[in-house]
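# Observations on the three-dimensional arrangement
Next come the chains, spelled out residue by residue.
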Amino acid sequence: MTAWTHAALACSIAAAALVIRTALGELRRPGTAREHWRFLTNKTALVAGAASAAALGTALAFGGTDPGHAVWALLGGVLTAFIVDRLMDRAGMGRE
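So, here's what we can say about the structure.

Basis of the calculations
Residues numbered from 1 in each chain as written. Predicted model: local features only at pLDDT ≥ 70, side-chain atom pairs only at ≥ 80, totals over all residues. Heavy atoms only, no water. Helix = DSSP H or I, 4+ residues; strand = E, 2+ residues; numbered from the N terminus. Expected span 1.5 Å × (residues − 1). Buried < 20%, exposed > 50% of the residue type's maximum accessible area, 1.4 Å probe, protein only. Arc of directions from axis to C-beta. Contact = heavy atoms within 4.5 Å. Polar contact = N/O pair within 3.5 Å; in protein donor to acceptor, adjacent residues only side chain to side chain. Axes fitted to C-alpha atoms, helices over the stretch in contact; angles between N-to-C directions. Parallel < 35°, antiparallel > 145°, perpendicular 65-115°, else oblique. Left-handed = near helix turned anticlockwise from the far one by under 90°. Nonpolar A, V, L, I, M, F, W, Y, C, P; charged D, E, K, R; others polar.

## What about helix H3 (residues 43–61)?
- With 19 residues, H3 ought to run about 27 Å at 1.5 Å a step, and its terminal C-alpha atoms sit 26 Å apart, in line with that.
- Every buried residue of H3 is listed here: Ala45, Gly49, Ala53 and Gly57. Angular distribution of buried residues about the axis of H3 spans 95 degrees; they occupy a single face of the element. Residues of H3 that are exposed and point more than 90 degrees away from the buried face comprise Lys43, Val47 and Ala59.
- Summarising the contacts, the buried residues of H3 are in contact with helix H4 (68–91).
- If you check the start of H3, you find a side-chain oxygen 3.2 Å away from the backbone N of Thr44, and it comes from Asn42.

This is the structure we're talking about:
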């Protein structure tokens, strides 16, 4: 297996774990899935995630030309957007 396939497989497993976690939460308490994935509509969180993905992708690209770096950068950007959305809620900043 190439490094690209390893990166794609690892990121797919991480994404599948997040989706399964959402599904189990939805089974326990209906309506939590929408709350869990609402960061996709938060503009501030999306900008932070995109900036993080770009910075991470650029930093990883200097280590080599393997396309697996893009997959890791994308996963990092999505997780950053999720965290920024949660931190904004805790700080009481609301959503845009």
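## Considerations on the environment of His36
- On the secondary structure map, His36 appears in helix H2 (residues 32–36).
- Residue His36 is classed as buried on the basis of its relative accessible area, which comes to 14%.
- Other than its neighbours up to four places away in sequence, His36 contacts Arg21, Thr22, Phe82 and Arg86.
- Separated by 3.4 Å, the side chains of His36 and Thr22 make a polar contact.

## A word on the packing of H3 against H4
- Packing of H3 against H4 leaves a shortest axis separation of 7 Å and a crossing angle of 150 degrees. One way to sum up the angle between H3 and H4 is to call them roughly antiparallel. With respect to the hand of their crossing, H3 and H4 are arranged in right-handed fashion. Contacts between H3 and H4 involve Thr44, Ala45, Leu46, Ala48, Gly49, Ser52, Ala53, Leu56, Gly57, Leu60 and Ala61 from the former and His69, Trp72, Ala73, Gly76, Gly77, Thr80, Ala81, Val84, Asp85 and Met88 from the latter.
- Looking at the contact of H3 with H4 residue by residue, the classes come out as twelve nonpolar, eight polar and one charged.

Read these as geometric descriptors, not functional statements.
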